[in-house]
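# Descriptive structure summary
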Amino acid sequence: MRYLVMLAVAASATAEDVDWSQTAEEAARTLQEYIRFDTTVPPGDVRATADFLEGILEAEGISVTRYVSAPGKVNLYARLEGSGDAKPILLLHHMDVVPADASRWDVDPFGGERKDGHIWGRGAMDMKGTGTLHLYAFLTLHRQKIPLNRDIVLMAVADEEVGGELGARFMIENHYDELDPEYVLDEGGFGSRDVYANDKLVFAISVAEKQIVWLKIRAEGVAGHGSQPSDQNPNDRLVRALGRLLDEPFPSSPSPVVESMRETLGALRENKFTNAIQNTTLSLTTLQSGVGDPVKINVIPSVAEATIDCRLVPGTDATEFLQEVKIRLGDPELLVEIAYQSEETVVTASDTDLYRALESAIIRHHPDAVVVPTLIPYGTDSNAFRHKGAKSYGIIPMELSAEIVASMHSDAERVPIAEIETAIRIFYEALVEVAGS
Ligand SMILES: [Zn+2]
């Protein structure tokens, strides 16, 4: 206990001469500029953002190492050197963003505009926003000349939104010995009063993510004239089987991570996010069928296909899950194929120095907050690092409304400017606590 109190004092003492509001304003301007580079994947060309980040780091005298995994695909890192033997802490973010349909936005998705107290644009949250918070915690450690007992590495990668093959996975496969982190800080959880629980400010730090299984289901039949229905119509067979599959939710045993959330918070709030972290889920994402373009309404096609995005709670065996899917479909002639399956879930323990340091930094700045480990329903680069033995935590240390959280990947993505300062300070103080010597 005393140990923690002393560290807290040390963290605030070293931070005394930092002008935090100036740092936050600088970060806000950097984020606006960062959003203005269109790094939509595909094609996910991140050369310009890599140059941008490299320019900021080199202007501060920090050298940058770049690796090109394919044309346009740059991954870069910078390092603050520490003196001890402990393995590094890796601050990880991705530079690519998902597509934005400008016609659906009220602002230019690549304008980096400030409006109504927010910075708007694709990537504002996912993940240029968090990357910018990492960057300014990292730069502040450097500017304050904080002596470190281990290296802190800031890494920006390509292609996270398409699985990370040419980004984080490329770095893990080819340059892991240069990184070899004890800890990874990545995207994942966030702080909110109206996502996780009712009337409580909850900061959830993700320690695991659900396993992804993408299925393709194909019905084959006999083409014919729409005027004469037949039992060989693949559309009928597919639709009936999907009805049987999706009719009832999949039973899933609760994961220990979510159990411990419920112990701390009581019943979770009811919404699609908390449903997704508590249950194995299936989303019917595409249906394809028909002959001709435009499709002919009077032709029964010979093939109908569907895809289903399945996300398994930890502890669910993917093979058994697939068996259950086939039983529910109830039609052995359907072709069921796994289009993609992520590695099994690895859960990072939360009884670590970095978790506790994040928790105490969050509570210093949000005294009414409850900090819990959580599971996230979507995939990130963290899972690949967890399989290498790194302890990975996902957190945007901002207090966000459910509406803002839902803006991720949507046509109103934005972050509240007022949260930037505290979020940088939370990262900075946690890093000083764990890596300051
Ligand atoms: Zn992301």
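Thresholds applied
Residues numbered from 1 in each chain as written. Predicted model: local features only at pLDDT ≥ 70, side-chain atom pairs only at ≥ 80, totals over all residues. Heavy atoms only, no water. Domains from an automatic or database assignment. Contact = heavy atoms within 4.5 Å. Buried area = accessible area lost by both parts, 1.4 Å probe. Salt bridge = Lys/Arg side-chain N within 4 Å of Asp/Glu carboxyl O. Polar contact = N/O pair within 3.5 Å; in protein donor to acceptor, adjacent residues only side chain to side chain. Pairing = 2+ DSSP bridges. Helix = DSSP H or I, 4+ residues; strand = E, 2+ residues; numbered from the N terminus. Axes fitted to C-alpha atoms, helices over the stretch in contact; angles between N-to-C directions. 1 Å grid on protein atoms, 1.4 Å probe; cavity = no way out; pocket = protein on both sides within 12 Å on 5 of 7 lines; lining within 4 Å. Points joined across faces, edges and corners; volume = space filled by probe spheres on them. Nonpolar A, V, L, I, M, F, W, Y, C, P; charged D, E, K, R; others polar. Donors = N, O, S within 2.8 Å, 3.2 Å for Na, K, Ca; no water. Tetrahedral: all angles 85-135°; square planar, octahedral: opposite > 155°, others 65-115°. Buried < 20%, exposed > 50% of the residue type's maximum accessible area, 1.4 Å probe, protein only. Patch = residues over 30% accessible without salt bridge, like charges linked within 9 Å, V, L, I, M, F, W, Y side chains within 5 Å. Areas by Shrake-Rupley, 256 points an atom, 1.4 Å probe, with all protein chains shown as cover.

### Digging into the domain arrangement of the chain
Quoted interface sizes are often the accessible area lost when the parts come together. We note that the domain assignment places domain 1 (2–195 + 202–207 + 348–357 + 371–435) and domain 2 (211–341) within the chain. Look at where the C-alpha atoms of domain 1 and domain 2 centre, and you get two points 34 Å apart. With 14 residues of domain 1 at the interface, the matching set in domain 2 holds 16 residues. Area buried by domain 1 at its contact with domain 2 is led by Val-195, Leu-375 and Pro-377, which between them contribute 47% of it. On the surface where domain 1 and domain 2 come into contact, there are 0 salt bridges. Summed over the shared surface of domain 1 and domain 2, the result is 3 residue pairs in polar contact (both at pLDDT 80 or more).

### Points about the sheet that holds strand S11 (residues 281–289)
Read across the sheet, 4 strands follow the order S11-S13-S9-S14 without closing on themselves; strand pairing throughout is antiparallel. Two strands close off the open sheet at either side, each with one partner strand: S11 and strand S14 (335–341). When strand polarity is set aside, the average angle formed by the axes of neighbouring strands in this sheet is 20 degrees. Packing of helix H6 (residues 234–246) onto the sheet brings it into contact with strand S9 (211–220), S11 and strand S13 (303–312), and relative to S13 it is tilted by some 15 degrees. Helix-sheet contacts for helix H9 (residues 318–329) involve S9, S11, S13 and S14, and the interaxial angle to S14 is about 145 degrees.

### What about the layout of surface pockets?
Gaps left between atoms show up when a probe the size of a water molecule is rolled over them. Estimates place the volume of the largest pocket at around 1,200 Å³. For the largest pocket, the lining is made up of 38 residues, of which Arg-311, Pro-377, Tyr-378, Gly-379 and His-409 are closest to its centre. Listing elements by their share of the lining of the largest pocket, those giving two or more residues are S9, helix H8 (272–278), S11, S13 and helix H12 (402–406). Split into classes, the residues belonging to the lining of the largest pocket amount to 13 nonpolar, 11 polar and 14 charged. No fewer than three residues from each of domain 1 (2–195 + 202–207 + 348–357 + 371–435) and domain 2 (211–341) sit in the lining of the largest pocket.

### Some details on the coordination of the zinc ion
Coordination of the zinc ion by the protein is provided by His-94 (NE2), Asp-126 (OD), Glu-187 (OE) and Glu-187 (OE), with metal-donor distances spanning 1.8 to 2.3 Å. Metal-centred angles of 57 to 146 degrees between the 4 donor atoms at the zinc ion mark the site as irregular. As a motif over one chain, the donors of the zinc ion read H-x31-D-x60-E. With a gap of 93 residues between them, His-94 in strand S3 (residues 89–94) and Glu-187 in strand S7 (residues 183–192) connect regions that are remote in the sequence. The same class applies to His-94 as to Glu-187, namely buried.

### Considerations on a nonpolar patch on the surface
On the surface, Leu-246, Leu-284 and Leu-287 cluster together into a nonpolar patch covering about 250 Å² of accessible area. Note on Leu-287: relative accessible area 57%, which makes it exposed.

### Let's talk about the pattern of salt bridges
Enumeration according to the criterion identifies 27 salt bridges in this entry. For the salt bridge of Glu-413 with Arg-122, the shortest nitrogen-to-oxygen distance reads 2.8 Å. With Glu-413 in the loop between H12 and strand S17 (414–416) and Arg-122 in the loop between strand S5 (118–120) and helix H4 (128–143), the pair connects residues that are 291 residues apart, well separated along the chain. Classification of Glu-413 as buried rests on a relative accessible area of 0%. Several salt bridges share partner residues, and in doing so they unite Glu-25, Arg-29 and Arg-114 into one network.

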